[in-house]
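Listed below are the residues making up each chain.
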Amino acid sequence: MSRTPTRSTPHPADTHDIIRVHGARANNLRNVDVEIPKRRLTVFTGVSGSGKSSLVFATIAAESQRMINETYSAFVQGFMPSLARPDVDVLEGLTTAIIVDQERMGANPRSTVGTATDANAMLRILFSRLGEPTIGSPQAFSFNVASVSGAGAVEIERGGRKVKERREFSVTGGMCPRCEGRGEVSDFDLTALYDETKSLNEGALTIPGYSMDGWYGRIYRECGFFDPDKPIAKFTKRQLDILLYSEPKRIKVEGINVTFEGLIPKIQKSMLAKDREAMQPHIRAFVDRAITFTVCPDCDGTRLSELARSSKIDGRSIADVCALQITDLADWVRGLQGSSTASVSPLLTSLSELLDSFVAIGLGYLSLDRPAGTLSGGEAQRTKLIRHLGSSLTDVTYVFDEPTIGLHPHDIERMNDLLRQLRDKGNTVLVVEHKPEAIAIADHVVDIGPGAGTEGGQIVFEGSVEGLRGADTLTGRHLDDRATLKTTLREATGALEVRGANTHNLRNVDVDIPLGVLVVLTGVAGSGKSSLIGGSVAGRDGVVSIDQGAIKGSRRSNPATYTGLLEPIRKAFAKANGVKPALFSANSEGACPNCKGAGVVYSDLAMMGGVSTICEVCEGKRFQAEVLTYTFGGADIDEVLGMSVAQAERFFSDGDAKIPAAHKILQRLSDVGLGYLRIGQPLTTLSGGERQRLKLAAQMGEKGDVYILDEPTSGLHLADVEQLLGLLDRLVDAGKSVIVIEHHQAVMAHADWIIDLGPGAGHDGGQVVFTGTPAQLVSEPTTLTGRHLADYVGA
């Protein structure tokens, strides 16, 4: 048999082995040129806000997705989100990009871990085939499908004649009719809606936005269903029912047709339909005060109807198996595979592989009925990764945004193995990361800097990890930083007592949390840290809890509006010029009439990428020309919003422009390392780390004696961690008690006291396995945390 001689030159198809980016200018990037090797693991580093996400997500991944969308017909594209082409000159060598970001999963109250990963869909099919008694199709086990039935006459045309026929239909769904598949019911505290001693004319309604001078107040006052001068306490039962529960009715008020509706359905539509985090602070405070959520008494929180819960396999209903820890559920499914279930064998195999993926990625401690909105950023990211683990696709570009967020050092090793597996199957893996343990496995490193914001946006290093260690960049200099144990520790001034804590997987935990010191609560993901704090500490008086929840923001939101900084600035401008404060808001009376205060004019081109052009009237300044004639301290409002935090801090510190309230907020922004941000910069342009620190700065202004911080190092560069530790020290030295839920060894080493939970995750955790000083933890490292911290500090 003859063989064809091996070619000395490579095949042309094998020469396309790089992704080439030329002239990238998204956000703060400054004409960046870079070549990224394909089928390798490339890590992008640099301080938070240096431009990593702008290069990886807003340029490479965005263009890949846009080009894939363009392969569909114009009709299909009309149903897809339109993506504009990134600001870049050349992008070559792109492959299909799969983005696994750290965005929280949708806060839809009906979304669970099971519905987000197809596990529930498989279980529904399984129960419809094997459940006893048989109750119907898979949708009979779905808490998102309501049971409905109906009958009536329909008119159809047959043989040129119209014929009426009676038709009936019925749908058997699994939704609990009382809570409508939410698992909880809401109850209104009526005393928070109105003051029953007052009449409507006297301002009885205490709901935000329902003043008697506004439209809502006028509708209720002049609807004619009750006397507006009668105190609500004297309303008849029917009148009170109309006020609270009336269905929408068309009425006339002051000659205008309007809709009258009861207070409770009105609030449910206008307020409760929104994600709590997206609410304005005063609305959120009202909702927290007026509405209590309790477990649905009919379904006991399972979301499923009694019929759906009646069908069982081996004595368990679908609600029972969804409540199991996933490791236990995987064992239950394997037990079914051994029985006579040939008809569903392929289904059981797929379900078993999916559940094993959960375990492999370190999420075996979750249950399928866990609401998706309660997952941390790290848990959400790994949940999204599950569907890709067993994929047969190769030559795909996987893009990860800090996959180690929320991971204990023990779990980071497992994540590194998964990233290597994806690469070794022939895929290109791009990772935005700060942790040295994750940077260490890179085949290629791209370091972006040298600083953040306008001081970043350049490639400062490209090469190997060893080359980065010797590079004179911020990342290179700090890559081998190791915090040391403190020589002097603060003495506790008291203790927060926790007794019998049993939230989620906690096992009647008793622990004293010292006050007046820096306490670090640690343990593997799923060990019970957040359950301990959220269930037993966070709700107490004087406790300020700063969680990982992502801040919401549109292109009209900026650091000045989010932190409340704009309020004292607007008032100072108004007072100095004798005009209304609303003139100095681009979202109110001062907005440019042409662009409505956006600064740009957007043109929607349907399935094509939209186009934005600088507003010709205000030239992007967002305000009316008249507003810009008013100055304060020698600057107009546009010039103030264009200042960096550091510049604004100096501007408002003394002299004619001194505003103590504004200066205090700006100091907190500087303390968390955001001195480079423009105070009028849209929130949509901020990175995940910048948003986390912005939230920290905003909530540090709340009054409290105990501060709880949930993983404040998320998104922080190695060089920024030192600054964060300084901030924590200043809080404690100012008389505050600080409790930090954290995995970062530098924060653990800096603690005065450590509480370690474990020993494992889920039902293998939920216990306090160590309390004491960091030195005591590393001297006899019997826990996972102790061993990793001992390695870190070189003990």
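Calculation notes
Residues numbered from 1 in each chain as written. Predicted model: local features only at pLDDT ≥ 70, side-chain atom pairs only at ≥ 80, totals over all residues. Heavy atoms only, no water. Helix = DSSP H or I, 4+ residues; strand = E, 2+ residues; numbered from the N terminus. Rg over C-alpha atoms; globule rule 2.2 N^0.38 Å. Buried < 20%, exposed > 50% of the residue type's maximum accessible area, 1.4 Å probe, protein only. Areas by Shrake-Rupley, 256 points an atom, 1.4 Å probe, with all protein chains shown as cover. Lys, Arg positive; Asp, Glu negative; His and termini not counted. Charge placed at Lys NZ, Arg CZ, Asp CG, Glu CD. Pairing = 2+ DSSP bridges. Axes fitted to C-alpha atoms, helices over the stretch in contact; angles between N-to-C directions. Contact = heavy atoms within 4.5 Å. Expected span 1.5 Å × (residues − 1). Polar contact = N/O pair within 3.5 Å; in protein donor to acceptor, adjacent residues only side chain to side chain.

Q: How do you make sense of the overall build of the chain when you look at a structure like this?
A: The helix and strand inventory of the chain stands at 28 helices and 27 strands. Here the C-alpha radius of gyration of the chain, 30 Å, is about what a compact globule of 795 residues would show, namely 28 Å. Projected onto its principal axes, the C-alpha positions of the chain cover 85 × 85 × 70 Å. Every one of the 795 residues in the chain was classed for burial, and the buried ones make up 50%. Summed over its atoms, the accessible surface of the chain is roughly 36,800 Å², and 49% of this surface lies on carbon and sulfur atoms. Taking the 84 positively charged and 97 negatively charged side chains of the chain as two groups, their mean positions are separated by 6 Å.

Q: What should I look at first to understand the sheet that holds strand β27 (residues 767-772) in this one?
A: Backbone-to-backbone hydrogen bonds join strands into a sheet, with any given pair of strands oriented parallel or antiparallel. With mixed pairing, the 6 strands of this open sheet are ordered in space as β21-β24-β25-β20-β26-β27. Of all the strands in the sheet, the pair left with one neighbour each is β21 (543-546) and β27. This sheet shows a mean twist of 15 degrees between the axes of neighbouring strands, independent of strand direction. Running over the sheet, helix α24 (residues 688-699) touches β21 and β24 (706-710) and is turned about 165 degrees from β21.

Q: Please explain helix α20 (residues 566-577) as it appears in this structure.
A: Every α-helical turn comprises 3.6 residues, leaving residues that sit three or four positions apart pointing alike. If you check α20, its first and last C-alpha atoms are 16 Å apart, about what 12 residues at 1.5 Å a residue would give, namely 16 Å. All of the buried residues along α20 are L566, P568, I569, R570, A572, F573 and A574. For α20, the elements touching its buried residues are α19 (559-563), α21 (637-641) and α23 (660-671). Backbone geometry just after α20 places G578 at a positive phi near 65 degrees.

Q: Looking at this model, I keep getting lost on the sheet that holds strand β16 (residues 444-449). Mind explaining?
A: Across the sheet, which stays open at both edges, the 6 strands sit in the order β5-β14-β15-β3-β16-β17 with mixed pairing between neighbours. The outermost strands of the open sheet, each flanked by one partner alone, are β5 (97-100) and β17 (458-463). Between one strand and the next, the sheet's axes are offset by a mean angle of 20 degrees, whatever the strand orientation. With 4 bridges connecting them, strand β3 (residues 41-45) and strand β15 (residues 428-432) associate as parallel partners.

Q: Before we go on, may I ask you to explain the side chain of T475 in this structure?
A: Turning to its location among the elements, T475 is positioned in helix α17 (residues 474-478). A distance of 3.0 Å separates a polar atom in the side chain of T475 from a polar atom in the side chain of D447. A polar side-chain atom of T475 sits 2.8 Å from a polar atom in the side chain of H717. Not counting the four nearest positions on each side in its chain, T475 is found in contact with T45, G46, D447, L468 and H717.

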